[in-house]
Structure formats: structure tokens, C-alpha cells
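Descriptive analysis of the structure
What follows is the residue order along each chain.
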Amino acid sequence: MKHQAIIQQLSLEEKAALMTGKSVWETKDYLEKGVPSIFMADGPHGIRKQEGEGDHLGLNASVPATCFPTAATLANSWDPDLVEEVGSALGAEASSLGVNMVLGPGLNIKRNPLCGRNFEYYSEDPYQAGKMAAAMIRGLQSQGVVATPKHFAVNSQELRRMASDSIVDERTLREIYLTGFEIAVKEGNPKAIMSAYNKINGIYANEDKRLLRDILRDEWGFTGFVVSDWGGSNDHVLGVQNGSHLEMPGTTTVGQKEIIDAVKNGQLSEAVLDERVDELLNVVLDLAAQEKRSVDYDYQHAIARKAAADSIVLLKNQDHILPLSPEKSIAVIGEFAQNPRYQGAGSSLINAKKLENTVDCMKDYPLTLAGYAQGYQRVDKADANLADEAVSLAKKADTVLLYMGLDEISESEGLDRHHLSLPNNQLSLLEKLQAVNPNIVVVLSAGSVVDMAWTSGVKAVIHGYLSGQAGAPAMLDALTGKVNPSGKLSETYPIDLADLPSSREFPATGDYSLYREGFYVGYRYVDKVNAAVHYPFGYGLSYTDFAYSDLTVEENGLRLTVTNTGSVAGSEIVQLYIGKADSALYRPAKELKGFTKIYLEAGKSQEIFMAFDEYSFRYFNVDTMQFEVEGGDYQIYVGASSADIRLTAQLKKEATTDQLPDQSHLPHYLSGQVAAVSDTEFAQLLGHPVPVESWEVGQELRLNDPLMKMQYAKSGLARLVYKILHRLLKKAEEKGTPDLNLLFLYNMPFRAIAKMTGDQIDQAMVAAILVMVNGHFFKGLGQLWKAFRAKNVYQKQLS
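Residues numbered from 1 in each chain as written. Predicted model: local features only at pLDDT ≥ 70, side-chain atom pairs only at ≥ 80, totals over all residues. Heavy atoms only, no water.

In the nomenclature of an unreviewed UniProt entry, the protein chain corresponds to Beta-glucosidase from the organism Streptococcus gallinaceus. As stated in UniProt under Sequence similarities (unreviewed entry), the record for the protein chain gives "Belongs to the glycosyl hydrolase 3 family." (UniProt positions renumbered as here; feature names shortened; annotations may be inferred.)

Next comes the structure, spelled out in C-alpha cells:
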């Protein structure tokens, strides 16, 4: 062990204490023995350092900080260099605020557009997600802070997120849900990683030895430490045994006692505990040696603006209505033009240092402004007066600039979406404006997919996603042509939610989330079955045009020439896809295996080289239990999107094994028609029976059931608590602002009460509370008093 000298000085009690935080955001320290504390903060797109003493959910107000574009936005840039630059700015700001460890980036796969946290994630594709996350990690850690990619792994829904079991087959697990993390670890070298709340095939992610040791550390070479999500430690001892290091937030003496008892009774080897302490100290001691950075907030804001501008996606531009003409009068309409929707809601909510809005920024642009009208309420409620005012203004203008999008309640941690539609009051306003003005440009603000059926009635659609505090001037730069939009979508926009096979059971409302669609996620599915979409993966327009030519394929990569054939300078994102039409395995038609973004002046050409890498031709062989290459001819596709392939070629590869899995019993996976997969076929894919829900209304509640199930409790008091919680959530929804603390409690399992109450309640007390919930009030009360006294005796012994 690297830190044997320090570990030898630590008692069992002290080593056990290091495995849990001393507070909501800090690790335990023993300064006299050379062990410092480190400070953590949320921060996928800004530093959310909580003000004052942290509440135990960690969701109260935070100090002002730069709000950068969210991950979903940055992914549309397809520019790892830009993302690394943002990461560097984030890292410097974290250091300046005394934050040692940033809890991000998030890179879970966008399995379904309804996931309420998709705004925090990069892509539906693991290759793109991994490359972007690796860049963010490199940028953050270049400033002497730790990056913490999350949530490891197979975390795809918010409903019941702490009490859900993701049932996924081995090949899909390795190719889709772990590959992004693999790239992030190998190319970003993060010093920490955050485990997910959920189970994976029956085992909690935070205590999954195969995930945390065999794959993460032994196979990928991870050298950092694993931290639980806040309240995400199920069995603290099992977590430490199998590769998790830090239980957060601080359970202090409660968590400490669990480890001490486990060592004393032989459940946990002290040698294993020493190993975890050593791995944790590797990072903690390195952080203690880092110098504190300082930041220039004007520079930070400039980086946020640049990142927002380079991530804007132009979806439609009929009659070249964009860029806007200075001679044409512009009516600016929409609540979001005055009060922008620029970030999501949840643990990533940033207290923006300097928030700009469109109405105030218009004066700095050569535009003829006819006026501004709010148009609609932010919450989805009809307001005839606002609509009439907007219609009156639209009649006077040559062009309508209409700001639309999702409100805060539509995209939040802890809450999945119910549909893809924009708010009804916005769509109603759009119809009224169309009746009086044919020249409508819609500016969208949303962190994930929305229904786009309304786009046929507008001249242009330009999407800023959630663009951070400087998104308003960045969008105006694009609207006026100061910046040529160059972003492309990192997710598929379906015509109907039902077109996606994962929608059949999303979000899962019971114990099990069945990933029966396998790896047919996003474009992998729609390409395979030739399904129509509104906008394909990788799609985005420009104010210029690009031509592709002269493709040559070599053993280690390919070359091609890209030419800007238009009249203005711009950037193009060239995408490489690879497929194998004659494969003996079930496969997508093609998969993203490379991309590059190049800037070209009008009329200029550039030859580019795109290298193949270890991910280009591999698949996971469930017979050999490792990645292999199938022998034969591969199709090479180069294009401007997954649906706009410009050049093709072929390359032969040698097989790494002749042992191919028999897949004759998987007809729907072979065809891609996975919406029709039966339990029998899914069981064949899994290699074991499909688990069946075991809990029914009337049964007693269990430790891992979420608090929302108290609606079925035998205790009238527990049912009353549920009714109050549910009523408060509904009130928050009506106001349009999610109550994050209530959402956390609603989805939290009973066991997590002991993890989230800061040493006040242990698992023995939770078990007693559950007895009361299940209708045995006095029996449970007696157990609770006994457990409470035992906990207090132990805490007095420690003091």
C-alpha cells in the first residue's frame, strides 16, 4: 500500500470513519495524522457550493457562480476541445470557491426522451457521451480539482430511482451503458466516480463487485475512488467490501459503527478496509497539495457565451429567413425572451453570477425592434390578455421572433416527464400568431426532446437547448449572423413517443425496469427499422453548405475532403458510422465511431483524417465474455447526420474468434422489431427468467420500497403522511417550480432514512419505523425506543 505509514497510525474506528463523510459535503479528516478533508459540490454545468451549513439533502441555496450550458447543450457542439475549455473554466472556479471535488459530469445514456434528467446527460450514443465526458474531466482536473463522472451505471429514469432494478442483458450493458464510462475513464482518467442509486440485475450499483472492481478498476485501469450518490448506499459494509469507498452524505457514527461491527464479526476483512482507505488517500492527499486558483468572472462569462453559441442547432430555415435582416422589423414574443429558461432543476441548479436576457440585449444588435410582448404565462395556463397583446404586436412586424420551450417543472431531477409536448398555452399562442404573420422564427429552450409537429407552420426553428447564463446574447449572435450555427443534435427527435421501443414501459413504476429493447436506443433503432423521425441524430443546418469528397480508407483510419461550397464561413461536424450488413450477429444498421468538427472559410477545402480506435469494430461476445471483432467486410459511412450519409466505402477485418453466439432464438433482435419482444425472447437474451413483480397492494412495505408506497400502508398515520407529501408535490407542480426536497423524499426508500438524517437515525431505527408503517404501531414504537437508546450508548462511547 502506498500510504502504509499513515494507515498504521489510524485506529479501526478512524479508518471506519473515513468511509463516510463528516458532513453533507466534506470527508472526514485527522489532521494530526496527516489526513486532510476535501470539500465536494455539485457542478455538471456550474459550481453549486451550498451557502452556510448544508441541509442534509444538499439542495438549499448556493453561492453565485457561472452557469455554463448544460451537458445536453454542450453535446450539440460535438467539440471536445470546447468542452475541455469549459471544464477548465469550471475547475478553476471550483478551486477559487474552495471546492476540491466536482460531482459531474453526468453521462448516462438517453434511453428515452421522458427521463427528467436528460438535460444533464450528453447523448443517446455512448461513443459521443464518452468523448465529451472525457474532455470535461480533463478540463476540470487540469485545475487541481477532481471530476466525478456519474451515475455509474444504467440509470435511465427518475421515478423510483433509488428503488429500481435495471434488468439489462450483458451485451447491451457492455456496448451501450458502460462504453461511455469506459471512454471517460480511459481517456479522462477521473480521480473519482459516483455510483448510481439503482440496482443492476439485482445488485445495487454501489455494492456491485463486478462493476466496481472487475470492470472499473481491473479492466479499465481506474485508480480513483468511488463515492455513493447522496443516500445511495444500501449496505455500507457490502459497498466497502466490493469497491465503494465513500458513503455520502455523512452518516458519521452510524456508518462508522456498521464498518467497525463488520470487521469485528469477520464480515469485512480489515485488510480490505485498509485497501479502501489507501485508495481514498491517494486522491485526498493529492488534492491537499494543490494550490487554490483564482478566476476572472468576465472571462468565465465569455467562455459560457462561446460554448452556448457553438452549441446552437439550426433545425429549419425556410426561405433563408435567417439571419435576420436589419431592415425588417422584429416582434419579440415570449416569456423566455425576458426571463430565460437556461438550466434544469435539481442538484445542478446554479445561482447564476450574471444572467442576461434577450430583451435587454437587443439594443446591442443591428435590429429594428417593433416591440416585446410576454405572450404567455411561464406556467401552462391560458391568458387571453397576454395572447391578444402578442397578436396585436405581431400584426405590426415583418418577422416574429417567438421564444418557446419547456418550463422548469417539465425537466427536473426526481421527476420524469409525462409527454413530449410543449405547454398548451405556447402552442395555442403559436396558432394565433400564424394567423396574422407568416414569418415566424421560433427560438427553442429545452434540455431534451420535444414534439416538433408544429414546425410545419413556421419559417425557422433554432434551438439553444439550455444555454446557461450567457445564452441570450449567444442566440442573438446566431440570429443575426454574427455566429454561423454549427451545432447538431445528440439525440433523435421521433415523430411520436410510441415510435421508440423503450416507451412501452417507461418509466417503470414497479421494482423492475426492463430494458427489453436491448441496444436499440435512439438512432440504432430507427435506422434498423427505417422509422421516420422529425429530426435524426446528428442533424443540424448552417447558413452555408458543405460538400464531401475523395474518401479513402486505410487500415488505421480514413481520409476525405470537406469543402465549404456556400458564401459564408462556417463549421461542419463530420460523422463516421460503421456497420456490417452481412453480420451473423444481431446489430444496428450502423453505429457512430468517430466525429470531427472543422471550420472553413467560404470556398475553402480541407482534407481530414479520422482514425479508427479500439471501439470501431468491436462487439461484446457473451460466449467469450469479452470484446471481439467479427471477421468480414464492414461498411464505412461518412455523413452530416445519421440519416445524411455522403460517402461510403468498405473495409475487411480479421476475426478475433470464430466462437460466435447462437442467436437464432432472438428473431426480433435480429430484425430490430424489438417493440414486439416477448418475455420468453427477452429471457433468452438475458440468459435467465424475466423477474416478476413480487409486491402487491395489501402486502407489508419493505425497506427498499419508496416512501411513495405509503399510500398503501396499513398504518393510517403513514397514509396521512403520504397524502400530505402528495398534496405538497401537486401544489409545487401547479406553481411550475419543482420542490426538490419533496421529490427526493417521494422517491426515497425507507432504508435511505438512515443515510439522510445525519447520524440521527440508524438502520435498526428504520426497521422499527417500518414496523409502525405496517400497522404495528406500539410494537414498532417499542423497537424504536430500544434502537434509539442503543445508538445513543454507542455515540457516548465514541465521545
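**Description of helix α6 (residues 170-177)**
Of all 8 residues that make up α6, 8 are buried, and the element is covered over most of its length. Measuring from the backbone nitrogen of Arg171 back to the side-chain oxygen at the start of α6 gives 3.2 Å, which picks out Asp169 as the cap. (Buried < 20%, exposed > 50% of the residue type's maximum accessible area, 1.4 Å probe, protein only. Helix = DSSP H or I, 4+ residues; strand = E, 2+ residues; numbered from the N terminus. Polar contact = N/O pair within 3.5 Å; in protein donor to acceptor, adjacent residues only side chain to side chain.)

**Overview of a nonpolar patch on the surface**
On the surface, Leu717, Leu720, Val721, Ile724, Leu728, Phe777, Phe778 and Leu781 cluster together into a nonpolar patch covering about 740 Å² of accessible area. Secondary structure elements with two or more residues in the nonpolar patch: α21 (716-735) and α24 (777-798). No other element matches the 5 residues that α21 contributes to the nonpolar patch. Here Leu781 lies in helix α24. You can call Leu781 partly exposed: its relative accessible area is 38%. (Patch = residues over 30% accessible without salt bridge, like charges linked within 9 Å, V, L, I, M, F, W, Y side chains within 5 Å. Areas by Shrake-Rupley, 256 points an atom, 1.4 Å probe, with all protein chains shown as cover. Salt bridge = Lys/Arg side-chain N within 4 Å of Asp/Glu carboxyl O.)

**Overview of the nonpolar core**
Judged by nonpolar contacts, the single largest core of 160 residues is most densely connected at Tyr122, Phe152 and Trp230. Apart from residues lying up to four places away in sequence, Phe152 is in contact with Leu178, Phe181, Ile193, Met194, Ser195, Ala196, Ala205, Leu211, Leu212, Leu216 and Trp220. Residues Ile321, Val332, Met362 and Ile440 belong to the second largest nonpolar core, which totals 66 residues. (Core = buried A, V, L, I, M, F, W, Y, C linked by side-chain atoms within 4.5 Å. Contact = heavy atoms within 4.5 Å.)

**Re the packing of helix α15 (residues 384-396) against helix α16 (residues 424-434)**
Look at α15 against α16: their axes get within 9 Å of each other, and the N-to-C directions meet at 30°. Regarding the angle of α15 to α16, the classification is roughly parallel. Between α15 and α16 lies a crossing whose hand is right-handed. Two secondary-structure elements touch here, α15 through Ala387, Ala390, Val391 and Ala394 and α16 through Leu429, Lys432 and Leu433. Across the contact of α15 with α16, the residue classes tally to 6 nonpolar, no polar and 1 charged. (Axes fitted to C-alpha atoms, helices over the stretch in contact; angles between N-to-C directions. Parallel < 35°, antiparallel > 145°, perpendicular 65-115°, else oblique. Left-handed = near helix turned anticlockwise from the far one by under 90°. Nonpolar A, V, L, I, M, F, W, Y, C, P; charged D, E, K, R; others polar.)

**As for the sheet that holds strand β20 (residues 570-579)**
Strands sit in the order β21-β20-β25-β26 across an open sheet of 4 strands; the sheet is antiparallel. The open sheet terminates on both sides in strands that have one partner only, identified here as β21 (591-600) and β26 (644-653). Put simply, the sheet's adjacent strands are angled 20° from each other on average, direction ignored. Inspection of the sheet shows strand β25 (residues 632-641) paired to β26 by 9 bridges, in the antiparallel sense. Counterpart to Gln635 in the pairing with β26 is Gln650. (Pairing = 2+ DSSP bridges.)

**Focus on the pairing of strand β10 (residues 329-333)**
Within a regular strand, side chains alternate between the sheet's two faces. Counted residue by residue, β10 has 5 buried out of 5 residues, so it is predominantly covered. Here β10 shows a buried face lined by Ser329, Ala331 and Ile333 and a second buried face lined by Ile330 and Val332. With 4 bridges connecting them, β10 and strand β12 (residues 399-405) associate as parallel partners. Directly across from Val332, in β12, lies its bridge partner Leu401.

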